[in-house]
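A closer look at the structure
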Amino acid sequence: MIQALELKAPLSGKALSLDQVPDPVFAGRMMGDGLAIDPASSTLLAPCDGVVSQIARTGHALTLRASNGAEILMHIGIDTVSLQGQGFKPLVAQGDSIRCGQPLIEADFDFIRGKAPSLVTVVVIANSDAFEPAARADGELSAGQSMFMRIVPLGMAAAEPTVARDDQTLQGQALVGHGDGIHARPAAMIQAAAKAFNARVSLRFNGQEANARSVVALMGLGIGKGDQVQVLASGEQAAEALAAVIEALQAHSPSAQAEAAPASAAAPAMLADGKIGGVLAAPGLAIGPVVQFAAAEPWVEEQPGLLADEYRALARALATVRSEIMAQMHAALKRGDKALQAIFDAHLALLDDPELIGAAERSVGQGQSAGVAFRDAARAQRQMLSAMNNPLLAERANDLKDLERRVLLALSGETADKPSVPPQSILIADDLTPSDLATLPADALAGVVLARGGATSHVAILVRARGVPAMVAAGPAVLEIANGREVLLDATACVLDPKPDSASLQAARAQIDERRAMLAKVREAASQPAQTRDGHPVEVAANIANERDAREAVRCGADSVGLLRSEFLFIEREAAPTREEQHAAYQAVLDALQGRSAIMRTIDVGGDKEVPYLTLPHEDNPALGLRGIRSGFARPALLDDQLAALLATRPASKLRILLPMVADVDDLLRVKIRLAELAAELGVSELPQLGVMIEVPSAAMLADQLAEHADFLSIGTNDLTQYTLARDRCNPDLAAGLDHMHPALLRLIAQTTAGAARHGRWVGVCGAMASDLEAAPVLLGLGVTELSVSPGLVPELKARVRALDLEMCRREVQPLLQLTSAAQVRARAREIWPQV
Ligand code: PEP
Ligand code: MG
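All values derive from a computational prediction rather than experimental measurement.

**Re the overall build of the protein chain**
- Check the secondary structure of the protein chain and you find 28 helices and 36 strands.
- Computed over C-alpha atoms, the radius of gyration of the protein chain comes to 31 Å, within 12% of the 28 Å expected from 2.2 N^0.38 for 836 residues, which places it in the range of a compact globule.
- Across its three principal directions, the C-alpha atoms of the protein chain cover 95 × 75 × 50 Å.
- Taking all 836 residues of the protein chain together, the buried fraction comes to 54%.
- Counting only contacts in the protein chain whose residues sit at least 6 apart along the sequence, the fraction spanning at least 24 positions is 70%.
- Taking the average location of the 76 positive side-chain charges in the protein chain and that of its 99 negative ones, the two points are 4 Å from each other.

**Observations regarding the coordination of the magnesium ion (ligand 2)**
- For the magnesium ion (ligand 2), the protein coordination sphere consists of Glu695 (OE) and Asp719 (OD), at 1.9 to 2.0 Å. Separated by 24 residues along the polypeptide, Glu695 in the loop between β33 (689–694) and α21 (697–701) and Asp719 in helix α23 (residues 717–725) bring together distant segments of the chain.
- Relative accessible area serves as the criterion here: at 1%, Asp719 is assigned to the buried category.

**Here's the deal with the sheet that holds strand β3 (residues 34–39)**
- Taken in spatial order, the eight strands of this open sheet run β9-β5-β6-β7-β11-β3-β2-β13, and their pairing is antiparallel. Looking at which strands have only one partner, the edges of the open sheet turn out to be β9 (97–98) and β13 (140–141).
- Pairing of strand β5 (residues 50–55) with β9 involves two bridges; the strand directions are antiparallel. Across the sheet, residue Gly50 finds its bridge partner in β9, namely Ile98.

**With respect to the packing of aromatic side chains**
- What the rule picks out here adds up to two aromatic pairs.
- A ring pair is formed by Phe26 and Tyr311, whose centres lie 6.4 Å apart and whose planes are at 75°; its orientation type is edge-to-face. Of the two residues, Phe26 sits in helix α1 (residues 24–27) while Tyr311 sits in helix α8 (residues 307–334), which places them 285 residues apart along the sequence. Across the pair, exposure class does not vary: Phe26 and Tyr311 are buried alike.
- Ring centres of Phe712 and Trp762 lie 4.9 Å apart, and the angle between their planes is 10°; this geometry places the pair in the stacked category. Taken together, the residues Phe712 in strand β34 (residues 712–715) and Trp762 in strand β35 (residues 762–765) connect sequence positions 50 residues apart.
- For Trp762, a relative accessible area of 23% gives the class partly exposed.
- Lying across the ring of Phe111, Lys115 places its NZ or CZ 3.9 Å from the centre.
- For the cation-ring pair, Arg670 lies above Phe633, with the distance from its terminal atom to the ring centre recorded as 3.9 Å.

**Brief notes about the nonpolar core**
- Ranked by internal contacts, the top residues of the largest apolar core, which has 101 residues, are Val201, Leu203, Val231, Val245, Leu249, Phe374 and Leu432.
- The element best represented in this core is α8, accounting for ten residues.
- Residue contacts for Leu432: discarding those within four places in its chain leaves Phe293, Asn398, Leu427, Leu437, Val448, Leu450 and Val459.

**Describing the packing of helix α10 (residues 354–365) against helix α11 (residues 370–386)**
- Contact geometry for α10 and α11: axes closest at 8 Å, N-to-C directions at 140°. By the angle class used here, α10 and α11 are oblique. Where α10 crosses over α11, the handedness of that crossing is right-handed. Where α10 abuts α11, its residues Glu355, Leu356, Ile357, Ala359, Ala360, Ser363 and Val364 lie against Ala370, Ala373, Phe374, Ala377, Ala378 and Gln381.

**Some words on the packing of helix α27 (residues 806–816) against helix α28 (residues 822–832)**
- Where α27 meets α28, the closest approach of the two axes is 11 Å, and the angle between their N-to-C directions is 155°. One finds that α27 runs roughly antiparallel with respect to α28. For the pair α27 and α28, the sense of crossing is right-handed. Contacts from Met808, Glu812 and Leu816 in α27 reach Val825, Arg828 and Ile832 in α28.

**Considerations on α28**
- Within the span of α28, buried status applies to Ala822, Val825, Arg826, Ala829 and Ile832. Across the axial projection of α28, the buried residues extend over an arc of 130°, all falling on one side. Those residues of α28 that are exposed and angled more than 90 degrees off the buried face are Ala823 and Glu831.
- The inward-facing, buried residues of α28 contact α24 (743–758), α25 (776–781) and α27.

**Some words on unusual backbone geometry**
- That bond from Arg650 to Pro651 is cis: its omega, -10°, falls within 30 degrees of zero.
- Within the secondary structure, Pro651 sits in the loop between α19 (636–647) and β32 (655–659).
- We note that Gln84 has phi near 55°; this positive angle belongs to a residue other than glycine.
- Along the chain, Gln84 falls in the loop between β7 (71–75) and β8 (88–90).
- Within the chain, Ala473 stands out as a residue other than glycine whose phi angle is a positive 55°.

**Section: the side chain of Glu695**
- Arg601 provides the closest opposite charge to the buried, salt-bridge-free Glu695, at an N-O distance of 4.2 Å.
- Not counting residues within four places of it along the chain, the set of residues in contact with Glu695 comprises Arg601, Pro660, Met661, Gly716, Asp719, Leu720 and Tyr723.

**Quick look at the pattern of salt bridges**
- In total, this model carries 39 salt bridges according to the counting rule given.
- As a salt-bridge pair, Asp33 and Arg136 come within 3.1 Å of each other at their nearest N and O atoms. Residue Asp33 is located in the loop between α1 and β3, and its partner Arg136 is located in strand β12 (residues 131–136); the two are separated by 103 residues in the primary sequence.
- The salt bridge partner of Arg548 is Asp549, with a shortest N-O separation of 4.0 Å.
- One connected set of salt bridges, linked through shared partners, spans Glu297, Arg379, Arg382, Lys401 and Glu404.

Parameters at a glance
Residues numbered from 1 in each chain as written. Chains lettered and ligands numbered in written order. Predicted model: local features only at pLDDT ≥ 70, side-chain atom pairs only at ≥ 80, totals over all residues. Heavy atoms only, no water. Helix = DSSP H or I, 4+ residues; strand = E, 2+ residues; numbered from the N terminus. Rg over C-alpha atoms; globule rule 2.2 N^0.38 Å. Buried < 20%, exposed > 50% of the residue type's maximum accessible area, 1.4 Å probe, protein only. Contact = heavy atoms within 4.5 Å. Lys, Arg positive; Asp, Glu negative; His and termini not counted. Charge placed at Lys NZ, Arg CZ, Asp CG, Glu CD. Donors = N, O, S within 2.8 Å, 3.2 Å for Na, K, Ca; no water. Pairing = 2+ DSSP bridges. Phe/Tyr/Trp six-rings, centres within 6.5 Å; stacked < 30°, edge-to-face > 60°. Lys NZ or Arg CZ within 6 Å of the ring centre and 35° of its normal. Core = buried A, V, L, I, M, F, W, Y, C linked by side-chain atoms within 4.5 Å. Axes fitted to C-alpha atoms, helices over the stretch in contact; angles between N-to-C directions. Parallel < 35°, antiparallel > 145°, perpendicular 65-115°, else oblique. Left-handed = near helix turned anticlockwise from the far one by under 90°. Arc of directions from axis to C-beta. Salt bridge = Lys/Arg side-chain N within 4 Å of Asp/Glu carboxyl O.

Shown next as structure tokens:
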């Protein structure tokens, strides 16, 4: 049980508060909380029993790990690292067990005085995320005699001294539900649960204990699915924290191995004829010249500068990396790239890891340069993860490597290597980090082969999302293949052929060409309207965010724009765009469409789309809170500005306004009335059509009522699926079961089209279900007449529509509504409408 601890004065002299220390790093508690001494004696004594966990090479600082786990850093003088050891005589070595009062370092203050800015000696709790001072001495102290500081577990200081720590520690047990045990994502969940409360939470497993705020320490416990874990919580909100962490541990998440591409877990193998085997990361066939890629190790300044400068440099580099990752996350969010967004989220959790950052800061305190300190801290954690004999955790070591490189680059001011990759090459590397991959234009790659890595690594997830054939864990032999050599990668079969013969090249080329020809053919016909074989027209529209996308939509043959997500105009800005700015943006889109119509959706923020300056209140359950049109009701001026900007856009006949997250007719009428009022105020006589999104089950059930007042309905299947199946669309662990082909969704879509038909309104789909070629006959059969997808998909979708017979779709779709799962629906749909 973790105990409070009393420290004795390590030196004689006057006690000073940290505020009086002439160094902003210590005064700002960047190294932790504690107390200082203006020394009157010269031998630093151990303030308690413990083990020397670190001693600076230059002998001016030492960390003692007390028996209760507190790390007590003692730093003699200010900026004394620059003395390079002169004036200090260490009397103990790292790893030594020490008794309270034992001499640790002899300091020659006569020599040091005048060479360092101050002799003030600081004693801080280096792991201040776990412990805090409850009582501090003041006045004159006698070394080894006077009480110096009382240390208690974090959150206990207020309760001191009347309540003993043991009485305050709450305990619980959790049965781990995560399919792969505690790897990166579950660890990030547990960290988030622990951080939300003012409490210290730790997990005990297999005789080891880990701070619940440290993802690396959590992963390091090696907890597997079904393991029983003890949870300890103390502090003001111990009870809440305990419950939240137990819930996070017990949450069920599927095994990433099961979720990943069907992987042959075989070890790297040399196959017959010199072919190389590996593990499937992303299926497909590719032929191309090899580009071997090895990212250079960033340069690290080994020589430490002044202590305060090194702390500052480390803090600055961490802040730089944080803002880089945030910017990349925003960009990923903007592109709807959920895979990349989730990966960067995991990197941010690592950047918040108190064990990692604490270890780096401690070693800066002991005289290392910021670069050496961070590199060593990250490597120690990586080694720990790699040694755990768990492929998932070993793959997370790759994320730490990514972070290490980013921080070292930020410290050195260098920029990352941008590999020059000729188009359609096959990139080969020992391993890649997500950042490496983010610097590569995805379409430059024909394929990716890694000597190491695994099917569940973040890089594998990314290549899969980009549709680039990839094989991992292929072993070092792939690194021997010469640059420029033409190779054949059959990622689906997990084979790389470094010396393909002409027959296999020919056969593979024929397959690749066939697919390319099919795509070229459908592109040729893309600008023609699409109608089914039996002559029913279907509008194939594009989902866009701005004018550039609008031009792309035209180029790809879109008949119109089915969804402009206007919130992207608002994201990544300091303040909301003015009416004029908005009008200019909307007008530019309509102009770029050259006579085609556009459906522009009013701002849809909240939930997974955050716009900081709108300062919407914090919500425990944002997906069920102020999002979509409700955020417009909460900020009426914002909605007014947007409606006014839309009303000014011409020609009104080509513009349709769409309202997100409408729940019922009241929501719709509220906006309809306001739109009419604004039009009257602005003297606008021709109003654009007004439609509602069907994203909430209530809206689908009440589609007939909504259709009475709306000009059209557009189904947002992303949200409709999340709300119908009660599965958070942003939670990657729930993604496997989030399938829009679920019979419950099909029934709601059928209800929507039936309700719309009663009032002669049309129904479109602008969620991801419209992009699912397997779902197209189902949607058409259910009565949908417009499908809106990302511009690049328009040609293939039009081709799919042209191959269908609407009457048959109508007939065949009804029995699907009686099936009991999405898997059954998909299987049956494949039988009825096989794709060529
Ligand atoms: C949807 O929910 O399906 C939709 C198109 O809206 P968004 O993805 O922007 O929430
Ligand atoms: Mg939506």
